Amino acid sequence: MSDGDYDYLIKFLALGDSGVGKTSFLYQYTDGKFNSKFITTVGIDFREKRVVYKSSGQMEPQAGDRGFTFNCGTLRDRRGFGSFLNVRNWISQLQMHAYCESPDIVLCGNKCDLEEQRTVKEEEAQELAEKYGIPYFETSAAGGLNVGRAVEVLLDLIMKRMERCVDKSWMPDSTLRSNGHSANEKLPEEATPEKSKCSC
Ligand code: GTP
Ligand code: MG
C-alpha cells in the first residue's frame, strides 16, 4: 500500500489541561511508546496511523502503520481533580468551535495506572460522560490500557455519522442542503473522502 492509498483522512483532536497526557496518549497509540519525561507541547503534536476500519469499533492495523491524532479530556494524578473540573470547559469550547453542535467525543480518564494518586472516582467520570451522552474510558498512556479501544470507538462514531449523511443524501428532503447534509448534521470537515468519490 502506497502513502496516498487510503479512502478517508480523519483528523482527531486531543483536548485537556496541560500534563494530563495528550501527547503520551498519541504516541502510545501510534508508536506503542511511552516517555515518562514531561515535555510540554509547544505548537501541536501530529502523528499519523493507517487502519482498516470494520464496523462497530473494530480496526485492523495495516503493515507499515504511520499514525494520526485523536480526541479527549482527562482526569488524574496530582493535577487530577482540577483537570476533571475543566473537562466541562473543554467540551463547551469544542462545541463552540467544532464542525457541528454535537461533535463526536470520547472522554478519557488517563493515568489510570497511578491508582494510589487517584483523585477522581471512576463513577464520577462515568456520570459526567453520561451527562454529555459520550463514552468514557479509563486509559493509561503509560501501559496502553484502552488507548486503542478509545480511538476505535471514536472512529466508529465518526464513520456512523458519515454513513448517516450518505444515507440522507439519497432522500428527497427539502430540509437537506444541496450537498446532501442537514444543517444539524454536518460532516467533519477534516473527514475527507479521498478516493471514494462519496457525495459528502
Ligand atoms: P501539554 O503538552 O502540556 O498539554 O501536556 P500533555 O497533555 O501532552 O501531557 P504529556 O503527554 O506530556 O504528559 C505529561 C506527563 O504525564 C509526562 O511526564 C508523561 O510521562 C506523564 N503521563 C502521561 N500519561 C500517563 C499515564 O497514563 N500514566 C503515567 N503514569 N504517566 C503519564
Ligand atoms: Mg503535549
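Details of the structure are given in the entry above.
Rules used throughout
- Residues numbered from 1 in each chain as written.
- Chains lettered and ligands numbered in written order.
- Predicted model: local features only at pLDDT ≥ 70, side-chain atom pairs only at ≥ 80, totals over all residues.
- Heavy atoms only, no water.
- Core = buried A, V, L, I, M, F, W, Y, C linked by side-chain atoms within 4.5 Å.
- Buried < 20%, exposed > 50% of the residue type's maximum accessible area, 1.4 Å probe, protein only.
- Helix = DSSP H or I, 4+ residues; strand = E, 2+ residues; numbered from the N terminus.
- Near = heavy atom within 4 Å.
- Polar contact = N/O pair within 3.5 Å; in protein donor to acceptor, adjacent residues only side chain to side chain.
- Nonpolar A, V, L, I, M, F, W, Y, C, P; charged D, E, K, R; others polar.
- Contact = heavy atoms within 4.5 Å.
- Donors = N, O, S within 2.8 Å, 3.2 Å for Na, K, Ca; no water.

A.B. asks: Looking at this structure, I do not really get the nonpolar core. What am I missing?
C.D. replies: What tends to happen in soluble globular proteins is that the nonpolar side chains get buried as a cluster. Formed by 17 residues in total, the largest nonpolar core has its most connected members in I10, F12, F25, V106, A150 and I158. Put simply, the parts of the chain that give this core at least two residues each are helix 1 (22–31) and helix 4 (147–168). The dominant element in this core, judged by the number of residues it contributes, is helix 4, at nine residues. Judged by nonpolar contacts, the second largest core, of 13 residues, contains L15, F84, V87 and L128.

A.B. asks: Just to check I follow, could you spell out the site of ligand 1 for this structure?
C.D. replies: Residues in contact with ligand 1 amount to 22 residues; listed here are only the nearest, S18, K22, S24, T40 and A141. The side chain of K111 places a nitrogen or oxygen atom 3.0 Å from an oxygen atom of ligand 1. Within the backbone of A142, one N or O atom sits 3.2 Å away from an oxygen atom of ligand 1. Split by residue class, the shell around ligand 1 holds six nonpolar, eleven polar and five charged.

A.B. asks: Please explain helix 1 as it appears in this structure.
C.D. replies: Think of an α-helix as 3.6 residues a turn; residues three or four steps apart then line up on the same face. Turning to helix 1, its buried residues are F25, L26, Q28, Y29 and T30. Looking at the residues trailing helix 1, positive phi occurs at G32, about 65°.

A.B. asks: Sorry, what's going on with the environment of L128 here?
C.D. replies: Relative to the assigned elements, L128 resides in helix 3 (residues 122–132). In this structure, L128 is in contact with F84, V87, R88 and L107, ignoring residues within four places of it in sequence.

A.B. asks: I would appreciate a short explanation of the coordination of the magnesium ion (ligand 2) in the present structure.
C.D. replies: Six octahedral donors at a metal ideally form angles of 90 or 180 degrees, and four tetrahedral donors ideally form angles of 109.5 degrees. Protein-derived coordination of the magnesium ion (ligand 2) comes from T23 (OG1) and T41 (OG1), at a distance range of 2.0 Å. In this pair, T23 sits in helix 1 while T41 sits in the loop between helix 1 and strand 2 (51–54), placing the two residues 18 residues apart along the sequence. For T23, a relative accessible area of 26% corresponds to the partly exposed category.

A.B. asks: Just to check I follow, could you spell out the environment of S24 for this structure?
C.D. replies: Following the sequence through the fold, S24 ends up in helix 1. Residues S24 and F38, spaced 14 residues apart in sequence, show a C-alpha to C-alpha distance of 9.2 Å. In contact with S24, other than residues within four places in its own chain, are K33, F34 and A141.

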